[in-house]
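Below, each chain spelled out in residue letters.
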Amino acid sequence: MTERSPDGVTVWARHSRLRVVPPVQPRKLAKVPFVELADGRLQGVVSSGSDISRVYVSSVAVGTHNYNCSTNNNRPCGGLYGSPCKHLRALVAEAVLQYGIDRVCRYLRAEVPEGAELIDCLGGVHEPAPAAVVFSRFLRHLAYLEVPDTTEPIPELHWFPATGTVR
């Protein structure tokens, strides 16, 4: 059972230094299990449509809107033919569900006319980007999903103290 304070906020959320933002709309995690706005890119992990054991790391750079899509071991996506592939399209669509169109557009510094799709308004070109860091964060994210609910400090995160006293 998750411990809550009198105002209904979970105890861990109140003591966290990073605010956990719930998704704007519900997401199905099977196709795009990981999406983040970090390191000057919209980036994430997208499942392959043809091979259950393959994933792609896709990203769109802030400002330039240059994009990349490759497997987690840096093999380029075969769908990059001068325009964003289906993995990039899925990533952008899921980012909009997770963060909302306004936040994603602000982060990418993109203008989207009413009725247009965000991905179609990004004028970037293919630019290789490393996949290892994003994939590593995804694996770390998966590991934390297996940690049981607790209000006690997690040794691995002990360097990131909660506000107040540390036990």
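Check the entry above for the structure.
To start, this report covers the structure provided alongside it. (Residues numbered from 1 in each chain as written. Predicted model: local features only at pLDDT ≥ 70, side-chain atom pairs only at ≥ 80, totals over all residues. Heavy atoms only, no water.)

**Here's the deal with the pairing of strand S3 (residues 55-61)**
The line we're drawing: Exposed residues in this analysis have more than 50% of their type's maximum accessible area, buried residues have under 20%, and partly exposed residues fall in between, with area computed by a 1.4 Å probe over protein chains only. Every helix listed is a DSSP run of H or I at least four residues long, and every strand listed is a run of E at least two residues long, numbered separately from the N terminus. Strands are treated as partners if at least two bridges between them are detected by DSSP.
The buried fraction of S3 amounts to seven of the seven residues, a majority that puts the element mostly inside the structure. Neither face of S3 is exposed, since Val55, Val57, Ser59 and Ala61 on one face and Tyr56, Ser58 and Val60 on the opposite face are all buried. In the sheet, strand S2 (residues 41-47) pairs with S3 via seven bridges, with the strands oriented antiparallel. Residue Leu42 lies in a different strand from S3, and its bridge partner there is Val60. With five bridges joining them, S3 and strand S4 (residues 67-71) adopt antiparallel strand pairing. Across the sheet, the residue bridging to Val60 is Tyr67, located in S4.

**What about a nonpolar patch on the surface?**
The condition that has to hold: Residues enter a patch when their relative accessible area is above 30% and they make no salt bridge; the linking distance is 9 Å between like charges and 5 Å between nonpolar side chains (Val, Leu, Ile, Met, Phe, Trp, Tyr). Areas reported here follow the Shrake-Rupley algorithm with a probe of radius 1.4 Å; residue values treat only the protein chains shown as occluding. Basic side-chain nitrogens of Lys or Arg form a salt bridge, by our definition, when they fall within 4 Å of a carboxyl oxygen of Asp or Glu.
A cluster of nonpolar side chains, Leu139, Leu142 and Leu145, forms an exposed patch at the surface whose accessible area comes to about 270 Å². You can see Leu139 is positioned in helix H4 (residues 132-145). According to the relative accessible area criterion, Leu139 is partly exposed, its value standing at 42%.

**Some points on the nonpolar core**
Heads up, the rule is: Among the buried residues, those of types Ala, Val, Leu, Ile, Met, Phe, Trp, Tyr and Cys that are joined through side-chain atoms within 4.5 Å form a nonpolar core. Throughout, a contact is declared for two residues whenever any of their heavy atoms are within 4.5 Å.
Within the largest apolar cluster, 26 residues are counted, with the highest numbers of intra-cluster contacts made by Leu42, Val60, Leu108 and Leu118. For this core, the secondary-structure elements that each account for two or more residues are strand S1 (34-38), S2, S3, S4, helix H2 (86-99) and helix H3 (101-108). The greatest single-element share of this core, amounting to six residues, is contributed by H2. What Val60 contacts, discounting residues up to four positions off in sequence, is Gly40, Arg41, Leu42, His65, Asn66, Tyr67, Leu88, Val92, Leu108 and Leu122.

**Some thoughts on the state of the cysteines**
What counts is decided by this rule: Defined by distance alone, a disulfide is two cysteine sulfur atoms within 2.5 Å.
This model, assessed by the stated rule, comprises zero disulfides. With no disulfide of its own, Cys85 has Cys69 as its nearest cysteine by sulfur position, at a separation of 3.6 Å. In this structure Cys105 is not part of a disulfide, and its nearest cysteine sulfur, from Cys121, lies 7.8 Å away.

**Remarks on empty space enclosed by the protein**
This is how the line gets drawn: Cavities and pockets were defined on a 1 Å grid built from protein atoms only: a cavity is a group of points that admits a 1.4 Å probe but offers it no way out, a pocket is an open group of points flanked by protein on both sides within 12 Å along at least five of seven lines, and a lining residue is one with an atom within 4 Å of any such point. Grid points are joined across faces, edges and corners, and a volume is the space filled by probe spheres set on the points. Gly counts as polar in this scheme, as do all residues outside two lists: the nonpolar Ala, Val, Leu, Ile, Met, Phe, Trp, Tyr, Cys and Pro, and the charged Asp, Glu, Lys and Arg.
Per the counting criterion, the structure on display carries two cavities of 30 Å³ or more. As a volume, the largest cavity reaches approximately 40 Å³. In terms of lining residues, the largest cavity is bounded by Arg41, Gln43, Val57, Ser58, Ser59, Asn68, Ser70, Ala129, Pro130, Ala131 and Val134. Of all elements in the fold, only S2, S3 and S4 reach the threshold of two or more residues within the lining of the largest cavity. With three residues, S3 is the largest single contributor of residues to the lining of the largest cavity. In the lining of the largest cavity, the residues fall into five nonpolar, five polar and one charged. Taken together, Val60, His65, Tyr67, Pro84, Leu88, Ile119, Leu122 and Gly124 form the lining of the second largest cavity. Here the residues of the lining of the second largest cavity are counted per class, giving six nonpolar, two polar and no charged.

So far we have only geometry, and geometry alone does not tell us how the molecule works.
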